[in-house]
Structure formats: C-alpha cells, structure tokens
Amino acid sequence: PSCDVYMAGFPCQPHSSEGKKRGFQDPRGQVFYGVVDYLRTHKPRVAVLENVRSLLHNRDGEDICEDLHQLLRSDCYNIQWRVLNTADHGVPQSRNRLYIVCIRKDLYIEGRFQWPEPIACPSVERFLDPCETKPNPLIVQAPPQTFASQIWAATMAKLLHEKHEP
C-alpha cells in the first residue's frame, strides 16, 4: 500500500566492514532494489533509508554509487545523505549509520530540510539512586521462598564453594 513516509533499513551484511563486502553480488544486497521499486511505484512524499557507514566505501564506492544511481533514475526525489552517530541523537548506543533522505521534488523547498543537531543526553547515572558502597554480588538478599529461590540458593552455594576451593 501507499504511504507518505517510507522508512527502510535494507540488509547491511553485504556492505558491512564486518562482512564479506560482496555488495549487490550478495543475495541480501538485492533487497535494495525492492526498496527502489516501491519508491518508483508509490512515490511517497519522503523516504528515509538507513544502512552501515561502510556502504559509502564498500567496493571502492561502487555500492553507494549504485544506490544513488538507482534512486536518481526515478527523477522524483531530492536526495541527501549523511553519517550520523546514534549516540548523538538519543540512542544509548554509539553506532555510525548512513542515512539517505529522499524528499519528493514537488514538495522539496530549498533550505527547508535540515539534518538534526546532536542532542545532549544525560548520563544514566542521573536516573539512578546514589550508591554509597560498591555492591558485592556474594551478599545479595535471596528472593522470596519459591522454586526459583531454591535454585538461586543452590547456585549461590555452588559459586561460593568454587570460589573457596584451592
């Protein structure tokens, strides 16, 4: 079905620095063509595509060139891309990701789209009760008497026994 905003994170394994870097020769790399086909058929107002940063450099830049070529062939979108670190935008994980934003040309107004500025995320420590002493995993209050507490007690006894063995 049609939509106004289309978001896709097509498989990153073919482009990942951790993978074999086979790009579109990897069958999973072909999923991107389904994304492009959807965009050409339904022409949503905006599309946001996401993938690994290494897509920009994989196979000496051939993969990103192929991506952009396929997107531009539709002659329907103004296309911009940028690498953003998710940690700078409220996600508690540092991951550099490539974002490609496609805005339909009939809706695009020069200078209106702006990439998000990094936001200041407070430390998780701010939301935790202060800890006066370092917790000792061996001094933990047992859970209420249940079958799980019996397993817990047996496991703790075994760990304590193993720790004190020579």
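Counting from 1, residues in each chain are numbered in the order their sequence is written. For this predicted model, a pLDDT threshold of at least 70 governs which residues receive local features, and a threshold of 80 or more governs which side-chain atom pairs are given and counted, while totals over whole chains, interfaces and linings are taken from all residues. Excluding hydrogens and water, the side-chain values take into account all heavy atoms of the structure.

Trainee: I tried to follow the confidence of the model for the protein on my own but got confused; where do I start?
Mentor: Detailed reading of the predicted coordinates is not advisable wherever pLDDT is low. Averaged over every residue, the pLDDT of the protein is 84; residues scoring 70 or more account for 89%. Along the chain, pLDDT gives the predictor's confidence residue by residue, from 0 to 100. A run of H or I in DSSP counts as a helix once it spans at least four residues, and a run of E counts as a strand once it spans at least two, with each numbered from the N terminus. Highest mean pLDDT in the protein belongs to strand β1 (residues 5–8) (96); lowest belongs to helix α3 (residues 147–164) (80).

Trainee: Just checking my understanding: could you explain the pairing of strand β2 (residues 46–52) for this structure?
Mentor: Consecutive side chains along a regular strand alternate between the two faces of the sheet. Between buried and exposed lies partly exposed: a residue is buried under 20% and exposed over 50% of the maximum accessible area for its type, with that area taken using a 1.4 Å probe on protein chains only. Of all seven residues in β2, five are buried; the element is thus mostly enclosed. We treat two strands as partners when DSSP finds at least two bridges between them. Here β2 runs beside strand β4 (residues 96–104); their pairing, made up of seven bridges, is antiparallel. Within β4, the position partnered with Ala47 by the bridge is Cys102.

Trainee: Just checking my understanding: could you explain the pairing of β1 for this structure?
Mentor: Residues Tyr6 and Ala8 point to one face of β1 and are all buried, whereas Val5 and Met7, pointing to the other face, are not buried. The pairing of β1 with β2 spans four bridges and is classified as parallel. If you follow Val5 over to β2, its bridge partner there is Val46. Read as a crossover between parallel neighbours, the route from β1 over helix α1 (residues 31–42) to β2 is right-handed. For a crossover, the right-handed case is the one in which the path from the first strand over the helix to the second runs clockwise, viewed with the strands pointing away from the viewer.

Trainee: Could you clarify how one ought to interpret unusual backbone geometry in this entry?
Mentor: The phi angle of most residues is negative, glycine excepted, and most peptide bonds adopt the trans form. With phi around 45°, Lys43 is a residue other than glycine that occupies positive phi space. Within the secondary structure, Lys43 sits in the loop between α1 and β2. In this model, Asp75 sits at a positive phi of 50°, which is unusual for a non-glycine residue. Mapped onto the elements, Asp75 comes out in the loop between α2 (62–73) and β3 (77–85). By relative accessible area, which is 56% here, Asp75 ends up exposed.

Trainee: Sorry, what's going on with the sheet that holds β3 here?
Mentor: The strands that make up a sheet pair up through hydrogen bonds in the backbone, lying either parallel or antiparallel. Reading across from one edge, β1-β2-β4-β3 is the order of the four strands in this open sheet, with mixed pairing throughout. Two strands in the sheet have a free side with no partner beyond their single neighbour: β1 and β3. Each strand of the sheet is rotated relative to its neighbour by a mean of 15°, with strand direction disregarded. Contact definition: two residues touch when any of their heavy atoms are within 4.5 Å. Helix axes use the C-alpha atoms of the stretch in contact, all axes being lines fitted to C-alpha atoms, and the angles between their N-to-C directions lie in the range 0 to 180 degrees. In the packing of α1 onto the sheet, contacts are made with β1, β2 and β3, and the angle to β1 comes to roughly 175°.

Trainee: What is the right way to look at the environment of Val83 in this model?
Mentor: Within the secondary structure, Val83 sits in strand β3. In this structure Val83 comes out as partly exposed when scored by relative accessible area, which is 30%. When near neighbours in sequence (up to four residues on either side) are disregarded, Val83 contacts Arg53, Leu56, Asn96, Arg97 and Leu98.

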